[in-house]
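Each chain, written out:
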Amino acid sequence: MDDHFIINIPNEEDENKNPDKSTSFGSEKTNKSLEELLKNQGGSNDRFSSQSVDSYIQQVLRTNRILALGVGGAGSNATNNIMARGGILGAITVAINTDARHLLSTNAEQKVLVGRELTNGTGAGNDPNIGRAAAEENEEDIRELVRGNDLVFVACGLGKGTGTGAAPFIARIAQEEGCLVVSVCTLPFSSEGQPKMETALEGLQELNEYSNTIIVVPNEKLLMYAPDFTLWDAFKLADDVLINAVVGLTELIVLPARVNVDFADTKKILRRSGPAVIGVGRGKGENRSIQAITNALSNPLLDVDITSSTGALVNIKANKNISMTEVDTITTMITDQIHSKAEFVWGCNIDESMPDDELAVTVVIAEVSSPYLSKPEDISIEALWRD
Ligand SMILES: Nc1nc2c(ncn2[C@@H]2O[C@H](COP(=O)(O)OP(=O)(O)OP(=O)(O)O)[C@@H](O)[C@H]2O)c(=O)[nH]1
Ligand SMILES: [Mg+2]
C-alpha cells in the first residue's frame, strides 16, 4: 500500500489556512499528561497537550486539511493500524477516547482525552450516554481540533460506550464547523449479544444523521468471509476495511492525477447524505482492468445494494501505458450497475511506480441502500446476522 502515499510540499498560503495544531493535540505531550493522570488519577489539572511528531510530515498533512479521527477503543486501534503502515500522507490521525490507559498505548499523531471530569480517564463503561457526555465536556477542544479542516473521517466501533456515544457528537461538531464528515463504523459480532447490536443500531442512526457519508462494516460478515479466523484476525480484517476507506478517499483527493478528481468533485458526491461503499481493487496482466474493478466491487463486507446509487467516484492508478479502452471498461462496469442518472466522476493517476502490467482502482459509491439504516422498527437483528 506504500505506493499509494505521496508527499505534497505545502505552500505558504496553505500554511496560513491551517495553523499548526500540533501544539494542542500532539501525541508526545499528551502521553506525558496521560502518564501523570494514571500516576495520580485526578491530581493534575493539565489538559491534553501537544508536540509535533515530525515537523515535515505535519507540514505535509496540514496542506490537505484532512483529519482521520478514531473514537473509542476500536477507533483508536484503527489509527494505530494506520500508523503501523506508515500513516497517511495527506491526513492527520487523531485518537479520541475516554480511556486514558488505552489512549496512552495508542500511536496516533494526535490524541484527545475526553470526559476527564466525568470518568477520570477510566472509559465510558459500555454506556453511550457517558460517551456522549464525555465528548460534550470537551466540546471546545473538539471544535478547535476540527476547525479549518475540509474533510473529517470519524472511525469507531459501535456497540459500547465511547464510540457509540461520542462519535455522533463529534461528527455534529465537525459539520457545524463546516467540515465534510465521512464516518466509517463497525457493527458488533452476534457473539457479543443482542443488547450490543441494539446499542450499535441506535448509535448508527444518530451517526448517520450527522455524517455526509457513512460506511458501515458489519463485523459478523467477517466470519462468513473467513470462518476460521481468530477474533484478532477478524478484527484486523475489519480494520483493513476502515483503513481502506480512509486511505482510498484521501488518495482520491491528494494524489496528483492526469485526469483529476479534485476535492470539489469528491465533495459533490460525498456531500449527499447516507450510506456509501468503498472498494479498492488491483488487477494484473491482460485483463487487469476487469480484474481490478471486479475486485473493488466484490468486497463481501460492503454488503449493500448499489443499484439505487445516485453518485460514484472512481480513481484509476496505473503506469503511463494505460489505454482509453481500459478506462472505458472500468467506468462502464460501474455506470452499468448504478442508477442511470447517477452523477459519476472519474480520475486517473499516472503512477510511474506501478508495475507495467498492473492497475489499481478505488471506487466510492454513494447513496446506496443499507439494511442497517432502515427504520428501527423494520430492523430484525436476527435477520441481519443471519442473511
Ligand atoms: N474492527 C475492530 N472492531 C473492534 C475492535 N475492538 C472492538 N471492536 C468492536 O467495537 C465495538 C466497540 O468496542 P470499543 O471501541 O472497544 O468500545 P468503546 O467505544 O471504547 O466504548 P467503552 O469502552 O465502553 O468506552 C465492540 O463491540 C466490537 O464490536 C478492534 O480492534 N477492531
Ligand atoms: Mg473503550
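Residues numbered from 1 in each chain as written. Chains lettered and ligands numbered in written order. Predicted model: local features only at pLDDT ≥ 70, side-chain atom pairs only at ≥ 80, totals over all residues.

Trainee: Whenever I open this one, the overall build of the protein chain confuses me. Can you help?
Mentor: Regarding its fold elements, the protein chain presents 17 helices and 10 strands. Each of the 387 residues in the protein chain was classed as buried or not, and the buried ones make up 52%. (Helix = DSSP H or I, 4+ residues; strand = E, 2+ residues; numbered from the N terminus. Buried ≥ 20, exposed ≤ 12 C-beta atoms within 10 Å, placed from the backbone.)

Trainee: Can you walk me through the packing of helix 10 (residues 162-176) against helix 11 (residues 194-209) in this structure?
Mentor: Describing two packed helices takes the angle between their axes plus the distance from one axis to the other. At a minimum axis separation of 9 Å, helix 10 and helix 11 run at an interaxial angle of 5°. The orientation of helix 10 relative to helix 11 falls into the category roughly parallel. For the pair helix 10 and helix 11, the contacting residues are Thr164, Ala167, Pro168 and Ala171 in the first and Thr199, Ala200, Gly203, Glu206 and Leu207 in the second. Within the contact of helix 10 with helix 11, the residues separate by chemical class into 5 nonpolar, 3 polar and 1 charged. (Axes fitted to C-alpha atoms, helices over the stretch in contact; angles between N-to-C directions. Parallel < 35°, antiparallel > 145°, perpendicular 65-115°, else oblique. Contact = placed C-beta atoms within 7 Å. Nonpolar A, V, L, I, M, F, W, Y, C, P; charged D, E, K, R; others polar.)

Trainee: I keep staring at the pairing of strand 1 (residues 66-71) and nothing clicks. Help me out?
Mentor: The buried count for strand 1 comes to 6 of 6 residues, which makes it a mostly enclosed element. Side chains Ile66, Ala68 and Gly70 of strand 1 all project onto a buried face; the interleaved residues Leu67, Leu69 and Val71 project onto the opposite face, where all are buried too. Bridging between strand 1 and strand 4 (residues 151-157) involves 6 bridges; their strand directions are parallel. Residue Ile66 lies in a different strand from strand 4, and its bridge partner there is Leu151. Pairing geometry for strand 1 and strand 2 (residues 92-97), over 5 bridges, is parallel. Residue pairing across strands places Val71 opposite Ile96, the latter belonging to strand 2. Each parallel crossover has a hand, and for strand 1 linked through helix 5 (residues 72-84) to strand 2 it is right-handed. (Pairing = 2+ DSSP bridges. Right-handed = clockwise from strand over helix to strand, strands pointing away.)

Trainee: Where do I start with the sheet that holds strand 7 (residues 277-284) in this structure?
Mentor: Backbone hydrogen bonds are what pair the strands of a sheet, in a parallel or an antiparallel way. Spatially, 4 strands are ordered 7-10-8-9 in an open sheet, and the strand pairing comes out mixed. On the outer flanks of this sheet lie strand 7 and strand 9 (343-350), each paired with one strand and no other. Put simply, the sheet's adjacent strands are angled 15° from each other on average, direction ignored. The pairing of strand 8 (residues 311-318) with strand 9 spans 8 bridges and is parallel.

Trainee: So what exactly am I meant to see when it comes to the sheet that holds strand 6 (residues 213-218) here?
Mentor: Across the sheet, which stays open at both edges, the 6 strands sit in the order 3-2-1-4-5-6 with parallel pairing between neighbours. At either end of the open sheet lies a strand with only one pairing partner, and these are strand 3 (110-113) and strand 6. Here the strands of the sheet are splayed against their neighbours by 15° on average, with no regard to which way each runs. With 6 bridges joining them, strand 5 (residues 180-187) and strand 6 adopt parallel strand pairing. Bridge pairing links Ser183 to Ile214 in strand 6. Its contacts with the sheet place helix 13 (residues 231-254) against strand 1, strand 4, strand 5 and strand 6, and it is angled at close to 165° to strand 5.

Trainee: Which parts of the structure should I look at to understand the site of ligand 1?
Mentor: Around ligand 1, 26 residues are found, and the nearest of them are Gly72, Gly73, Gly157, Gly161 and Gly163. The element that contributes the greatest number of residues to the shell around ligand 1 is helix 5, accounting for 4 residues. Of the residues assigned to the shell around ligand 1, the class counts are 6 nonpolar, 15 polar and 5 charged. (Near = placed C-beta within 6 Å.)

Trainee: How should the confidence of the model for the protein chain be read in this particular structure?
Mentor: Close reading of the predicted structure is inappropriate where its pLDDT is low. Within the protein chain, residue pLDDT values average 82, and 81% of them lie at 70 or more. Predicted confidence for residues 1-22 stays below pLDDT 50, and this span has 38 contacts to residues more than four positions away or in other chains. (pLDDT = per-residue confidence, 0-100.)

Trainee: Which parts of the structure should I look at to understand unusual backbone geometry?
Mentor: A negative phi angle characterises most non-glycine residues, just as the trans form characterises most peptide bonds. Even without a glycine there, the phi angle at Asn120 is positive, about 55°. You can see Asn120 is positioned in the loop between helix 7 (116-119) and helix 8 (128-137). A residue is classified by how many C-beta atoms lie within 10 Å of it, and Asn120, with 13 of them, is partly exposed. The backbone of Asn126 shows a phi angle near 70°, a positive value even though the residue is not glycine. Along the chain, Asn126 turns up in the loop between helix 7 and helix 8.

Trainee: I tried to follow the environment of Leu204 on my own but got confused; where do I start?
Mentor: Tracing the backbone through its elements, the reader meets Leu204 in helix 11. With 40 residues separating them in the primary sequence, Leu204 and Thr164 have C-alpha atoms 7.7 Å apart. For Leu204, the contacting residues outside a window of four places in its chain are Leu158, Cys185, Val216, Tyr372 and Leu373.

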